[in-house]
Amino acid sequence: MTIVDWRDWCLHELHAEHDFKFAWFSLGLCQAALTGDLGEEYDFVEAPFAPDASYRDLADLENSLSMQLHTLVETCMQRDLRIPWRFPVSAGTLRAMPPTFWRDAGLDIELRNVSGVTLRVKLLDPREPRSQAATRALLGRHGIVDRIVSGDHAGRDAQLRLAWPLRIAYFADNKPVDALDGLEPASPAGALTRRFALGRDRSKCDVLVFWGSAAQLIARVRAGPGRIKGNLLLLVSKSVPAASTLDELLGLTRASGVLVLEPLSASGRIDEAINAFVSEFSLDRMLDTALALGLEQHIRVKFVQLSEPLARARIRDVAAALADRFAPQPTSASAPEMANWDGFVIPPPPAGPPLMDAVFDHLEGLEATGAGGGGTLFGDLMRNYSTASEGAAVLADNAEAPTTAPVPRDNVTPRADRFLQQRPFVLTNGRARAKAAHGFIAGTAAEVDLRIGPLDADWQPLEVRFVDDALFSDSRPARLTVWLTEPAQLAKPVEGKLSLPLEGASAPCTLRFTPLKAGPFEGRITVLHNGRVVQTALLVAEVAARASELDPSAKPPRLQKTIPVRRNLGDIAGRRSFGLAFVENHTLAGEVRTVALSPGHAWIADASPLLDHWMTINNCLTKVAHSTADFVDGIEGKAGTEILIRLARNGSSLNNSLIGEHLNRPGNNAAIASEEYIQIVSMRSQTIPIEFVYDFPTPAKTAALCEHWRDGVANGKCPGTCAGGTKERVCPMGFWGLSKVIERHQLSTEHSAAGKNYYLQSEPTRQSDAIKLSGPVVFSRSRRVTDDSIEKVRQALDVPDIDAAQVNSWKEWATAVNGNPRLILSMPHTDGQDNAVTLEISGDQIESIDIDTSHVCPQPHGKPPLVILLGCDVAQASDAFSRHLAAFNGNGAAAIVATIATVNAAQAAAVAAMLASELLKKRDKPFRLGEAIRDVKRQALLQNLIMPLCVVAYGDADWRLE
C-alpha cells in the first residue's frame, strides 16, 4: 500500500489530517516490531500480534498493543536508541485494528512523552530514498516527531573519524560566493570548525557541503584531485537520489551519512544552519539530535540517511579519542625468544596490559583515567558544556597540537613488534577448510588468512617487522588495502582489507582464490595505505594437479622476500593519497612483471617487451646529449620535434602495455588513467621509465608540434582551445613526467643476502617531513664540467640565506657535509662496472660501496638532505649505476634527484643550475618535492632544454621544501 492508500483508509474513519499523523506514526512502529531483523540493539523488541497469545476480547488486544508500542518507545529512549519505524506493508495484519486504534496509540505516546524530550526516530527501509521526503514531512508535519527522523545506513566502506574542530569543506569551483563566510565570525562555529576548499593536500573532512545533486557530486569527486572522503554529506539539491546513486556516492566518499537540503530554504542560510548544528553538537548532544535541533531549524531537510555510529556520535567520543592521542604511545621492542615456526624464532607476547593512563599537563587540573576513556576522560570539560560550549572550545584549542604534547618517559610501555602473517587452507567439498600443509590444488578453492600482529605459533610471518610506527594519525585503527596478484595462477587479483589497531593483532582478512594449474605459485602480496605501498612480499607455494599428487615433502605456502618500502613512515597517516601504484619485480624464473594497483582494481603487465622501448627512449636522450648543437631550439626545432615524436610513439607503447589494454577489461575504471599521483616501487635494476608514458593518441611520424604547447606546459594543463595531442599534433603534456607527480622507490643490490634476493631501499628515519632549504649547501663537479658551466650553478646558489661551498675532493666533501647541509648538489662522472662502479669529482674517484654517512648525513643528529646527482647516467637502469642511489639513500638522504639517461657535462651543469634556481626561488611558500621536479621539467622545456625530461626523483614525493 502507498501513503495515499493508507491515508484514504484512515481518513475514512478519522476524517482529519491531524489525526492521520498519529495513526501513521504508530502503524510504522508496529511494522518495525513485526519485522524480526532490526539488529542486536533492538533484541528487547517483541513482535505485536503474537500468534500464540490469548486475548479476552478486542479491548484486551488493543490495550496490550498500545502498551507494547509505548514500552518500545520508552525503552529506546532509555537506551539512547532511535525509535525504529518501517513503512507499513503488513496491510492484512495492521488493518485488523481500526484506524481509531492507531490514532489513539500514537496520541498516547505523545501524551506520555516527557516534555522537552525529542523522539529520535530511525526510518528503516523506506524503499526508494525519494519516498522518504514524503514520509518525513508527514511524520513531522504536526510535531509528533518534528525533529529527528533519519534513515538507516549500514555504512558500506564508511570510515567514520570525526575530528575536532569539525572540518567543514567544499569544492572551490562549486561553493556559491559568500555561502559559508558567515561561519568565520559566528559563535561557536568560528572557533569550533575549520573551513577549507577540498584538494589533494586536504582531501578529508567531517562535513562536505555541495550545491547540486548526488550524481553531480559523484562526477565532481571522480574528477579529483585525490580521493575525497567525508563523514557527512550535505547536498543542497532539488532531487533526492535513487537508492543505487546513493549507494555509489556513499561508497565513493566513504561517508557515514547524507542530508538533502531544500535549495530554496537553504538560500543565504547555510552558514546559520551549520552554526546552529555545531552549537548543539558542542553541548554533547548526539549528532542526529544536533542536526535536528540546530540545522533543521533553519533549513528544510528533504532526506536524511545516517549510519548508527554517526547518528550516535557525540563530542564526548571525540574527547575520548583526543585523550587516546595524548596517551603515551607504546614503542616497538624485541622480546625474549621462546619458540619457532618452521625455523623462525617467535618471542612471547609482552607481559601485562599496556599502560593507558596519562597526565595532560597542558590542560590544568584534568587527569585521564581508565583505559580508553569514554566520557570520563574529559568529565570536567563536559560539565562546562551548558555554559556556551566552553568545554568544546578548550577541546578545540588543544586538539590541533596533541602530538607535540610532552609524554613522561616513565609512562611509555614497550610494544611487541608486529609482522605480516598468513595461514593457508584448501577448501574440501568447496566448504570445509583443511590446512594447506603441502601446497594448493589446481581447480580447488583455496583461502589465505592474512593479518598483521605480534608473532604467534599459529601464523607464518615475514622475517622482519611490519613498519607501523606512524600509520596512526590518532588512536583509531589504520585502514590498509591488501592485494594478491599471481599472473599464471589467478584469473584476477584478489583484494582484502585490514584494520590495524594501535596495539595487538588486526582481525584477519581472507583472500579466496582458485589456482589454475599445476606448477609453482608466486603470489605478490602488496599492502597499501592511502594508495601507497607500505610493504610487499611473495606468497610462494607448489600447486598439485590433484589432491592425490600433493608432494608430502613440499613445504606449506609461505611468505618470503620481505620488502619494506620505508624504514620510517614519517606522518604517512596524514599524507596525500596516491591514485595508482606500480610494483616492478621479477618472478623466481626471471620473468619481468609489473603489478598495477588502483582503488578497487589491480592487474599484472608483462614488462619484458617494454624494456626494448626503454632502450629506444634512452638512445633518443643520448642523441640529444651527444649532439647539443642540433637541439639549441629545444622541441621547437626540427631535430627536437623529431625526438619528441619518437619519445611519444614509444611512450604510447608503454601506455598501451601498462594501462590501455587493461582499461577495457570488465570492472576496471577508465578514470585510473587520469590519476595524477603515482608511486613506483622497483624491485629490479632495470626499471620502466614511467615518466615517458604518453597518454595522448599516438602521433604520426610526420606530426607537427602543437601550436598551444607553451600555454599547456606553462599552466600545467592544455588550454581550453586545445584538447591535447592528436595523431597530427604531438604535445609534451601527454608525458606522465610533465603531467603527474611520480614517487619512486628503488631496490638496493647492496643489501642482498642469502634468502633476501631483493631489498627495497627505504627512506631514512626522520623526525620531520620538511627540508629547510637554507644555510650551508655543498656542490661539486666532475673535471669534465667547464668553469663557464659551473659559474651558472654558482649564480643560481647566490641567494640570501644560502652559504654555498664547492668541494674538490671526497675528503673535502665529507668535511663540508659535517656541517649538515640540507642540499647536496653534484655533477659527477660515473664509471666502472659491477662492485667497482665509481663517482668522480674534480678528478677524485670514490667507489659507491665506500660512500657512508659522513658523505651524506652525519649521525646521530644529522638531518636528511636532498641530494641531486646529475651526471652521465647516474640513475641508469643497470645494477652498476643504481648502486649510487642505494649508497646515498642508505646513508641518510631524504630523497635523490638523478638522471636516467646520458647527460654531457655542460648539460649537467645547466640542469643543476635550473634545479637550484627553481627550488630556491620558491622558498617563500612551502611546496612538495614531487611537484617541484615536475615544475622544473616544465620550465626546462620552456627554456628550450630537452634533457631535464630524464630527471627523476627517488624518495618520498611529499617532502616539503621550505
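The written sequence of each chain sets the order in which its residues are numbered from 1. Thresholds applied to this predicted model are a pLDDT of at least 70 for local features of residues and 80 or more for the giving and counting of side-chain atom pairs; totals over whole chains, interfaces and linings are not thresholded and use all residues. The side-chain figures draw on all heavy atoms in the structure; neither hydrogens nor water molecules are used.

A. The overall build of the chain, seen in detail. We count a stretch as a helix when DSSP gives it H or I for four or more residues in a row; a strand needs E for two or more, and each element gets its number in order from the N terminus. Counting its regular elements, the chain contains 25 helices and 43 strands. Counting over 962 residues, the chain shows a buried share of 58%. Contacts are assigned to residue pairs that have any heavy atoms within 4.5 Å of one another. For the chain, restricting intrachain contacts to residue pairs at least 6 apart in sequence, the fraction spanning at least 24 positions comes to 78%. Residue-level accessible areas treat just the shown protein chains as cover; the underlying method is Shrake-Rupley with a 1.4 Å probe. Total accessible area on the chain stands at roughly 37,900 Å², and carbon and sulfur atoms take up 49% of it. Summary of the burial criterion: residues with accessible area below 20% of their type's maximum are buried, those above 50% are exposed, and those between are partly exposed, where the area comes from a 1.4 Å probe applied to protein chains only.

B. Up close: the sheet that holds strand β43 (residues 960–961). Strands sit in the order β32-β43-β41 across an open sheet of three strands; the sheet is mixed. In the strand order of this sheet, the two ends are held by β32 (770–771) and β41 (927–928), each with one partner. Between any two strands, pairing holds if DSSP finds at least two bridges. With two bridges joining them, β32 and β43 adopt parallel strand pairing. Looking across to β43, one finds that I771 is bridged to L961.

C. Layout of the confidence of the model for the chain. Every residue gets a pLDDT, meaning the predictor's confidence in that residue, from 0 to 100. Summarising the model, the chain shows a mean pLDDT of 76, and 74% of its residues fall at 70 or more. This stretch, residues 566–574, has a pLDDT under 50; its non-local contacts, to residues over four places away or in other chains, come to 49 contacts. Note that residues 748–765 has pLDDT below 50 and, in this model, 61 contacts with residues that lie over four places away or in other chains.

D. Layout of the packing of aromatic side chains. Ring pairs are drawn from Phe, Tyr and Trp, using the six-membered ring of Trp, whenever the two centres fall within 6.5 Å, and their geometry is named by plane angle: stacked under 30 degrees, edge-to-face over 60, tilted for the rest. Evaluated as defined, the whole model comprises 17 aromatic pairs. Between F440 and F513, the ring centres sit 5.4 Å apart and the planes meet at 90°, which makes this aromatic pair edge-to-face. You can see F440 sitting in strand β16 (residues 440–441) and its partner F513 sitting in strand β21 (residues 509–513), a full 73 residues away along the chain. In this structure F440 comes out as buried when scored by relative accessible area, which is 0%. The exposure class of F513 is buried, given its relative accessible area of 5%.

E. Geometry of the sheet that holds strand β36 (residues 829–831). Pairing within the open sheet is antiparallel, and its three strands lie in the order β36-β37-β38. Whereas interior strands pair on both sides, the edge strands pair on one side only; in this sheet they are β36 and β38 (844–847). Between one strand axis and the next, the sheet turns through 30° on average, direction left out of account. Bridge count between strand β37 (residues 838–841) and β38: four bridges; the pairing is antiparallel. In the sheet register, L839 faces β38, and the bridge partner there is I846. Angles run from 0 to 180 degrees between N-to-C directions of axes, and those axes are lines fitted to C-alpha atoms, restricted for helices to the stretch in contact. Strand contacts of helix α22 (residues 810–817): β37 and β38, with the helix running at about 70° to β38, the strand carrying the most contacts.

F. Seen up close, empty space enclosed by the protein. Space inside and on the surface of the protein is sampled on a 1 Å grid over the protein atoms alone, with a cavity defined as a set of points where a 1.4 Å probe fits but cannot get out and a pocket as an open set with protein on both sides within 12 Å along at least 5 of 7 lines; lining residues have an atom within 4 Å of a point. Grid points are joined across faces, edges and corners, and a volume is the space filled by probe spheres set on the points. Here the structure, examined in full by the defined rule, presents ten cavities of 30 Å³ or more. In this structure, the largest cavity encloses a volume near 100 Å³. Contributing to the lining of the largest cavity are 13 residues, with K740, I742, G930, I933 and K937 lying nearest its centre. Elements that contribute at least two residues to the lining of the largest cavity include exactly α20 (736–739), β31 (741–746), α25 (929–942) and β42 (951–955). Looking at the lining of the largest cavity, the element that brings in the most residues is α25, giving four residues. Looking at the lining of the largest cavity, its residues break down into seven nonpolar, two polar and four charged. Under the grouping applied here, Gly and all other residues not named as nonpolar or charged are polar, the nonpolar ones being Ala, Val, Leu, Ile, Met, Phe, Trp, Tyr, Cys and Pro and the charged ones Asp, Glu, Lys and Arg.

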